[in-house]
Amino acid sequence: MKKYLNHLIILLLSFTFWSCQAEVRRPEVQIIPLPASMTNMEGTFAISSGTKILINSDSPEMHKVTANLCRYLENFYEIKNKITFSGASEKNSIFIKLNTRLSISKEAYNLTVSPKGIMLEAPSPSGLFYGIQTLLQLMPPIKQKLSEVVLPSVEIKDTPRFAWRGLHLDVGRHFMPKEFVLKYLDYMALHKFNTFHWHLTEDQGWRVEIKKYPKLTEVGSIRKETLVGHYGSKSYDGTPVGGFYTQEDIKEVVAYAADRFITVVPEIEMPGHSLGALTAYPELGCTGGPYEVATTWGVFDDVYCAGKEETYTFLQDVLTELLPLFPGEYFHIGGDECPKTRWQKCPTCKQKMKDEGLRSEHELQSYFVQRMEKFLNENGKKLIGWDEILEGGLAPNAAVMSWRGEQGGIAAAKQHHNVVMTPGEFCYLDHYQADPKTEPLAIGGFLTLKKVYSYEPVPPSLTEDESKYVLGAQGNVWTEYMKSPEQVEYMVFPRAAALAEVVWSPKGPKDYDNFKNRLVKLTKIYDLLGINYCKAEFK
Ligand code: ACM
Ligand code: ZN
């Protein structure tokens, strides 16, 4: 009997061991954004220090792409791999193959994990980069020395739905240190975002060095204090706030972004939201000032004078310094929330309207934007602005960022202008994400994770042809109520994960519960990276 008992115990133990092994053997595949096509397969592949990383092209871009993978394996599991140049796959290898003849879109990739090895193929380095982001999400979300990292076998064919997959950051209301901006770019890459909209100037602070106009940062970047509590409160904190990026900082951020296949779209606000600049150079306003860098939020009547030639010279000088720093195709000129109060009274503005045959102040704003567009186009850039640039007539080649709902975007697409959808109802990540009673102070609104996830960027009222003008969508992060990087992270994550899936994954029936299941793994990666995300959905 004792003999049989021993057998039974051994049997039980080995069954337990086997079932644990089975669990280790085939971890679940939980990827965000959901790939376009994915087939789970039998078995696993284990990456160890003996696994070779093979690349078929020796370009600096290939090394950058591969470095991303090696850094992860080393930082998280202390596994170091050798990178070798090779034209073909080998046993126990990760073969990273640039195949320019592959007829899939530029950012697409094919990834196969099988017991024999890993094969990643794409027509461009950006596709390979996204394939590696997926590969990282197949690994266990732990930071621990491992002899091998076990990945589930899977076959993925992936391609993004939209070309513009954006996240924005307002550094005007609260300056965010360069070190955080770099982290933000890393977090964006993890979610396969490819466009960073950097809102650099505001009523509350001008945040970028312009050598020809040093007072922009000496004077215009500093406000003497900040409103305490919600808009309308009479209380101020008495603490000066400043901060700006040097042009060297800008270069570093743009290069860091490029290594992660992210384009930086800078925004220099005009003609409104310009008190930072006017405080430094009051002659650029209609009244001549004096002005003060704003200490509260909202919209201010003092804006650039649209009648004075000095305004256009100043802004063109500013752009002349900035354009070489930003290699992307678009430059954002703001254009939103510009009251016409001063223009209506200003003799110079009135004279300009007369001279140019403009019938309204809206047409004066349109004239302003068209001049800036001409300048940008002559310098090889495209103009993008908030949807107010439709008022008074859209500049001939301008793209529109639709924020006051989708109507602006729809109107622009119907006029065959490119559009980026950022409607407040779905894309404003500064809005409350859970019960305001239990949340840190925010501007207002209410935008749950589920609602972001439900967003469909192509409005049904557009024809198939018009839909092509919708480049994509973007989450906007206005920082009136975000004083620190930690608070930005709290507001952005995990809602950015939902948006990432909106802009990357194919259109089709969405399964929020399935997304939330996959999000569990992504939030473990957030934990590893130290991201201060909101846990309201995980209670
Ligand atoms: C905006 O939110 N004022 C574009
Ligand atoms: Zn004026």
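Up top is the structure.
Notes on the structure follow.

### A few points about the environment of phenylalanine 446
On the secondary structure map, phenylalanine 446 appears in the loop between helix H13 (424-427) and helix H14 (449-453). Taking C-alpha positions, phenylalanine 446 is 5.8 Å from glutamine 433, a pair spaced 13 residues apart along the chain. With near-sequence residues (within four places) excluded, phenylalanine 446 lies in contact with His431, Tyr432, Gln433, Ala434 and Asp435.

### Concerning the pattern of salt bridges
For side chains of opposite charge, pairing can occur when their charged atoms come near one another. Within this structure, the stated rule accounts for 32 salt bridges. Of the charged contacts, one joins arginine 165 and glutamate 107 as a salt bridge, the two residues approaching to 2.9 Å between their closest N and O atoms. Here arginine 165, found in strand E8 (residues 164-170), pairs with glutamate 107, found in the loop between strand E4 (93-98) and strand E5 (109-114); they are 58 residues apart in sequence, far enough to count as distant. Owing to a relative accessible area of 14%, glutamate 107 belongs among the buried residues under this scheme. With its nearest N and O atoms 2.7 Å apart, the salt bridge here joins glutamate 309 to lysine 352. With a gap of 43 residues between them, glutamate 309 in helix H8 (residues 309-322) and lysine 352 in helix H10 (residues 347-356) connect regions that are remote in the sequence.

### Comments concerning the nonpolar core
Met139, Trp198 and Phe314 are the most contacted members of the largest nonpolar core, which has 159 residues in total. The greatest single-element share of this core, amounting to nine residues, is contributed by helix H4 (residues 178-190). Ranked by size, the runner-up nonpolar core spans 12 residues in total, among them Ile384, Trp386, Ala399 and Met401.

### Thoughts on the coordination of the zinc ion (ligand 2)
Distances from the zinc ion (ligand 2) to its protein donors, namely Cys286 (SG), Cys305 (SG), Cys346 (SG) and Cys349 (SG), fall within the range 2.3 to 2.4 Å. With four donor atoms in place around the zinc ion (ligand 2) and angles of 105 to 115° between them, the coordination shape is tetrahedral. Positions of the donor residues of the zinc ion (ligand 2) along the chain correspond to the pattern C-x18-C-x40-C-x2-C. Linking cysteine 286 in the loop between helix H7 (275-280) and H8 with cysteine 346 in the loop between helix H9 (341-345) and H10, this pair joins segments that are 60 residues apart in sequence. Both residues of the pair, cysteine 286 and cysteine 346, belong to the buried class.

### Structural notes on the packing of H4 against helix H6 (residues 247-259)
At a minimum axis distance of 10 Å, the contact between H4 and H6 shows a crossing angle of 15°. On the basis of the axis angle, H4 is roughly parallel to H6. For the pair H4 and H6, the sense of crossing is right-handed. Where H4 approaches H6, its residues Lys178, Val181, Leu182, Leu185 and Asp186 are matched on the opposing element by Asp249, Glu252, Val253, Tyr256 and Ala257. Tallied by class, the residues present in the contact of H4 with H6 amount to six nonpolar, no polar and four charged.

Conventions we followed
Residues numbered from 1 in each chain as written. Chains lettered and ligands numbered in written order. Predicted model: local features only at pLDDT ≥ 70, side-chain atom pairs only at ≥ 80, totals over all residues. Heavy atoms only, no water. Helix = DSSP H or I, 4+ residues; strand = E, 2+ residues; numbered from the N terminus. Contact = heavy atoms within 4.5 Å. Salt bridge = Lys/Arg side-chain N within 4 Å of Asp/Glu carboxyl O. Buried < 20%, exposed > 50% of the residue type's maximum accessible area, 1.4 Å probe, protein only. Core = buried A, V, L, I, M, F, W, Y, C linked by side-chain atoms within 4.5 Å. Donors = N, O, S within 2.8 Å, 3.2 Å for Na, K, Ca; no water. Tetrahedral: all angles 85-135°; square planar, octahedral: opposite > 155°, others 65-115°. Axes fitted to C-alpha atoms, helices over the stretch in contact; angles between N-to-C directions. Parallel < 35°, antiparallel > 145°, perpendicular 65-115°, else oblique. Left-handed = near helix turned anticlockwise from the far one by under 90°. Nonpolar A, V, L, I, M, F, W, Y, C, P; charged D, E, K, R; others polar.

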